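Here is what each chain is made of, one letter per residue.
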Amino acid sequence: RRAVEDEIELLLISALMLPSALRVGKVRRLLDRSGSRTRLIVGGAPFRIDPQLGWEVGADAVGNSAADAVAIIERFAGGGS
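Colleague: An account of the overall build of the chain is requested, with residue identities and associated values reported.
Modeller: Across its full length, the chain carries six helices and three strands. Going residue by residue from the N terminus, the α and β elements of the chain occur as α-β-α-α-β-α-α-β-α. The globule rule puts the C-alpha radius of gyration for 81 residues at 12 Å, and the 12 Å found for the chain is close to it. The C-alpha extent of the chain, read off along each of the three principal axes, is 30 × 30 × 15 Å. Sorting the 81 residues of the chain into buried and exposed places 28% on the buried side. Sequence-distant contacts in the chain: of pairs separated by 6 or more residues, those separated by 24 or more amount to 54%.

Colleague: Go over the nonpolar core with me, naming the residues and quoting the values.
Modeller: Judged by nonpolar contacts, Ala15, Ala21, Val24, Leu40, Val42, Phe47, Leu53, Val57 and Ala59 together constitute the single largest core of nine residues. Residues contacting Ala59, with those up to four places away along its chain left out, are Leu40, Val42 and Gly54.

Colleague: Account for the packing of aromatic side chains, naming residues and giving values.
Modeller: Here the structure, examined in full by the defined rule, presents zero aromatic pairs. Cation over ring: Arg75 sits above Phe76, and NZ or CZ is 5.1 Å from the ring centre.

Colleague: Any chance you could break down the pairing of strand S2 (residues 39–43) for me, citing the residues and the numbers?
Modeller: Buried residues dominate S2, accounting for four of its five residues. With five bridges joining them, strand S1 (residues 10–14) and S2 adopt parallel strand pairing. Bridge assignment links Leu11 to a residue of S2, and that residue is Leu40. Sheet topology places S2 next to strand S3 (residues 61–63); three bridges connect them, and they run parallel. In the sheet register, Val42 faces S3, and the bridge partner there is Val62.

Colleague: Give me the lowdown on the pattern of salt bridges, citing residues and values where you can.
Modeller: Side chains that differ in sign of charge can pair as their charged atoms come close. Tallied over the full model, the rule gives four salt bridges. When the shortest N-O distance is used, the salt bridge between Glu5 and Arg1 registers 2.9 Å. Between Arg2 and Asp6 there is a salt bridge whose closest N-O contact spans 3.1 Å. Since its relative accessible area comes to 53%, Arg2 is described here as exposed. For Asp6, a relative accessible area of 43% puts it in the partly exposed group. Overlapping salt bridges, with partners in common, bring together Arg28, Asp32 and Asp60 in one network.

Each value, and the rule that gives it
- Residues numbered from 1 in each chain as written.
- Predicted model: local features only at pLDDT ≥ 70, side-chain atom pairs only at ≥ 80, totals over all residues.
- Heavy atoms only, no water.
- Helix = DSSP H or I, 4+ residues; strand = E, 2+ residues; numbered from the N terminus.
- Rg over C-alpha atoms; globule rule 2.2 N^0.38 Å.
- Buried < 20%, exposed > 50% of the residue type's maximum accessible area, 1.4 Å probe, protein only.
- Contact = heavy atoms within 4.5 Å.
- Core = buried A, V, L, I, M, F, W, Y, C linked by side-chain atoms within 4.5 Å.
- Phe/Tyr/Trp six-rings, centres within 6.5 Å; stacked < 30°, edge-to-face > 60°.
- Lys NZ or Arg CZ within 6 Å of the ring centre and 35° of its normal.
- Pairing = 2+ DSSP bridges.
- Salt bridge = Lys/Arg side-chain N within 4 Å of Asp/Glu carboxyl O.

What follows is the structure, given as structure tokens:
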């Protein structure tokens, strides 16, 4: 709700456990249902263990480290190639 109300452009979610990572799918569906253009970036252990998980839950990008997050943000913000 807050991401939609505040018109958040990039939402980063880090998950430690698989049940939390799977809930990202619900976040994606709620964002889409609201018409939000928020980009969803995920990271954390479950996404490193299963490289396809991010795409399965509807993430726009998956990072494996904090350094990846910076590069992904720059790419979505138009600062990267």
